[in-house]
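For reference, the chains in residue letters:
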Amino acid sequence: MTQKNAFQTQYLADYRPYPFRLHETRLRFRLDDHATVVDSQLDLTRQAEGPLVLDGGAGLKLLRLAIDGRDLAPDQFTREGETLTIADSALPAGGFTFEASVMIDPGANTAFEGLYLSGGMFCTQCEAEGFRHITFYPDRPDVMAPFRVIVEGDQPVLLSNGNPLAQEPGRAEWHDPWPKPAYLFALVAGDLVAISDSFTTRSGRKVALNVWVRPGDQDRAGFAMESLIKSMKWDEDVYGREYDLDVFNIVAVDDFNMGAMENKGLNIFNSKLVLASPETATDADYERIESVIAHEYFHNWTGNRITCRDWFQLCLKEGLTVFRDQQFTSDMRSAPVKRIEDVQTLRARQFREDQGPLAHPVRPDHYQEINNFYTATVYEKGAEVIGMLKRLVGDDGYAKALDLYFTRHDGHAATIEDWLKVFEDATDRDLTQFKRWYTDAGTPRLRMDEDWSDGRLTLRFTQHTPPTPGQADKPARVIPIALGLIGPNGDEVRPTEVLEMTEPSQSFSFDGLGARPAVSVLRGFSAPVVLDRDLDDAGRAFLLAHDTDPFVRWESGRGLALNALQAMATGGSIDAAYIDAIGHLAGDDTADPAFRALCLQLPPEDEVASRLADAGVTPDPDAIHAAHGHLARAVAEAHEPLLDRLYHEMKVPGAYAPDATDAARRALRTVAMARLSLLDDGARAAQMFDTAGNMTERFAALTALIRAGKADDALARFQSEFSANRLVMDKWFMIQPAASRPDQAAAITRHLADRPDFDWKNPNRFRALLGGLAANHAGFHAGDGGGYDVTADWLIRMDAANPQIAARMSSAFETWTRYDAGRRKKAGAALERIAATPGLSRNTSEMVSRMIAAAS
Ligand code: B3K
Ligand code: ZN
């Protein structure tokens, strides 16, 4: 990828081990809003030639440096940029203790990296490279040590990693015996209350569990605790992994750059992923809380006990931990529904990334700013790659390989090569070709052609991966293709088998078939590829009705919808095949309501644009938006009585429960309501908004009212009812730009940004508003450039306060080269304006220069 900016690029090929071994880290914090003092002692031994270099940000005010208790003179060290180098002459030959005292200003830290204040509470975020803003340290994941931490401050609760030692008012001492890199360090101090429980591990260790929240939030923390206990049990049952400390603490904070962080024994969470009550959280929020609590907990083994050698290996912990949290959710809820949801996310985020200038391999080999690589490719595609591996080696092979991984690499910082080697050793397979999934960017296109003669079906597959930045030609990959055959009467004539494609082009034959079967291919989405096959609408409708694989059923309906939308967005008319087929499915009371709800949803407008771009057609966002509206309305008109029946029958009686069964009914009911509100001028939506006792239905109703242009009253009531609840107000800020008419979205965004409660430095609030606009495809890409402009204005402003958030949000522009010349000119100008901002961060600078490079 071309980079034209002043920042340095880091390369995987340049990895060198740290020349010192770190035996123990001792820290003492004397907390103060603007003058926190951090004393550190590191016990080191030289392992190889090379200077003692420590990382340390410009914000560290140096008070003292010493070796073995003797202060260093100014000529014994140099500080340059973000590094501190100690002169070799100051170091004893064997082991020694390096000491530093620094002063930092948490109250001025708006980047929320390192130690900062959130609503008066001290907290930390150290992954990836935040610890260097706390003190001088070898801030790299392959330097691991046990930690002893003393926290002094007048806050009632003082937390750090590991087990508590002495605790007295104003002072707490913690010991984490498990060697860990600095990115897993955490400290929290504040006025907090806990809901507490305990878990006894299968070997009998009793673990104290706490979910810490601000006073008043306790009644919304119970679901997080239940989720934690389920996760601990599941990891023992399925992966044989036990927890390894006496306490496990979770803390909810309001200002947090991401979802959550897996610090050893002290997970820190964005409060939106902890706090939930029926009145304030949707079913989707509950499901997400359950899965993120699990994800962070699972990191205790996949990430913490076994960490990454360097940040290029990020997918080693993230891909695997996402894969594990997906398995967990499948086990807790409905596996087919979870698989379809994961594929939806993958396509909406990762395929989109792969199609544009930000495409990169699951394991990148260079970066400027690692925080820009916490992406859908590293996470979600990283998980898909593990799913393929499991499919190829089978469940037993996978279990053997994972056991070997845990025994061989426990306590180490590992690489993707180490990961693949355990599979090779455990299963006797050569994974050289498979490794391309880690090193080559891009989504393969897989074409299937069928030939039928004399009872023999021949399937010819051809694969091709389009070029991505810096990678022009890509050799063939191993593609596991799960496949089954369905006879003309709807019976499965061959159950699922996995074909292993390894060549650019390859054929597979099936003999002895009485009649030509329908091919159910890529079952369960067995590989993250774009499948291309000549299948007419009747063929798709047949699979939607008869396939035994729920993913392919859903996919067939989606194929019909995409064909219809594509035709309508380029001047064609409404497609009856889709409308008929979807009616049959929606009315099938034997099918899971969640599955029917998923089938009733239309593919997102952005995905229609992507598909048109793939086919070489310049997408017109307004035409796609209009087609979307027409098709949704046509479904409503054709099936009004059925939708009305579902609206009534799917109402869940009794008290709200966030489980999959009830959530499924609400999903089908709310999608029926949304379709009907296109015909009844929002009447059913207004009724649902008034009477619903839970946020799932209220929020769905509010969304439908905005789409119907009837939301003024509901928005005002929602705002006055929830003005004191930040998380609910984030939904209010998000849905207005997201669901409003595209030609009004930018103006609505500007208007909301002027409100005093648009607390833009809070990442959730900022993401709600600007992310809401970005989610409105035709609104963000409005022809007058208004969506681009308001986004650029706010990215520039945010970059000066919080570079990570600005850089991440800049990916709203990642598809900009798909569109017509007029839009490209406006989006390009907005990107240039961001790039030209004086003092722009490395984070945002890298993102915009990669996106601008796509134009040339
Ligand atoms: N590991 C953290 C993400 C850290 C992001 C740093 N910019 C959360 C997670 O994936 O579990
Ligand atoms: Zn993670």
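So, a few notes on the structure that sits alongside this text. Values in this document were obtained by computation on a predicted structure and should not be read as measured data. (Residues numbered from 1 in each chain as written. Chains lettered and ligands numbered in written order. Predicted model: local features only at pLDDT ≥ 70, side-chain atom pairs only at ≥ 80, totals over all residues. Heavy atoms only, no water.)

### Observations regarding the overall build of the protein
Part 1 of the argument: Within the protein one finds 26 helices and 31 strands.
Part 2 of the argument: Compactness check: the protein gives a C-alpha radius of gyration of 27 Å against a globular reference of 29 Å for 856 residues, within 12% of the reference.
Part 3 of the argument: Each of the three principal axes of the protein carries a C-alpha extent, and together these read 85 × 65 × 60 Å.
Part 4 of the argument: In the protein, buried positions account for 60% of the 856 residues.
Part 5 of the argument: The contacts of the protein with a sequence gap of at least 6 include a subset with a gap of at least 24, amounting to 71%. (Helix = DSSP H or I, 4+ residues; strand = E, 2+ residues; numbered from the N terminus. Rg over C-alpha atoms; globule rule 2.2 N^0.38 Å. Buried < 20%, exposed > 50% of the residue type's maximum accessible area, 1.4 Å probe, protein only. Contact = heavy atoms within 4.5 Å.)

### Thoughts on the coordination of the zinc ion (ligand 2)
Part 1 of the argument: Distances from the zinc ion (ligand 2) to its protein donors, namely His-295 (NE2), His-299 (NE2) and Glu-318 (OE), fall within the range 1.9 to 2.1 Å.
Part 2 of the argument: Mapped onto the sequence, the residues coordinating the zinc ion (ligand 2) show the spacing H-x3-H-x18-E.
Part 3 of the argument: On the basis of relative accessible area, His-299 is assigned to the buried category, the value being 0%. (Donors = N, O, S within 2.8 Å, 3.2 Å for Na, K, Ca; no water.)

### Regarding unusual backbone geometry
Part 1 of the argument: The step from Glu-127 to Ala-128 runs through a cis peptide bond, and the omega angle for that step is 0°.
Part 2 of the argument: Here Ala-128 is to be found in the loop between strand E11 (121-125) and strand E12 (145-152).
Part 3 of the argument: Not every positive phi belongs to a glycine, and Leu-522 is a case in point at roughly 60°.
Part 4 of the argument: Counting through the fold element by element, Leu-522 comes out in the loop between strand E30 (518-521) and strand E31 (530-533).

### So, the sheet that holds strand E19 (residues 247-253)
Part 1 of the argument: Read across the sheet, five strands follow the order E17-E18-E19-E21-E20 without closing on themselves; strand pairing throughout is mixed. Looking at strand neighbours, the two that pair on one side only are strand E17 (193-200) and strand E20 (260-261), the edges of this open sheet. (Pairing = 2+ DSSP bridges.)

### Describing the nonpolar core
Part 1 of the argument: The biggest cluster of nonpolar side chains holds 276 residues, and the ones touching the most others in it are Phe-98, Trp-419, Phe-434 and Phe-461.
Part 2 of the argument: Ranked by residues supplied to this core, first place goes to helix H5 (residues 376-409) with 14 residues. (Core = buried A, V, L, I, M, F, W, Y, C linked by side-chain atoms within 4.5 Å.)

### As for the site of ligand 1
Part 1 of the argument: What surrounds ligand 1 is a group of 14 residues, the closest being Glu-127, Glu-262, Glu-296, Asn-371 and Tyr-379.
Part 2 of the argument: Within the side chain of Glu-127, a nitrogen or oxygen atom sits 2.5 Å from a nitrogen atom of ligand 1.
Part 3 of the argument: Counting residues per element, the ones that place at least two in the shell around ligand 1 are E20, helix H2 (283-298) and helix H3 (314-332).
Part 4 of the argument: A breakdown of the residues in the shell around ligand 1 according to their chemical character gives five nonpolar, four polar and five charged. (Near = heavy atom within 4 Å. Polar contact = N/O pair within 3.5 Å; in protein donor to acceptor, adjacent residues only side chain to side chain. Nonpolar A, V, L, I, M, F, W, Y, C, P; charged D, E, K, R; others polar.)

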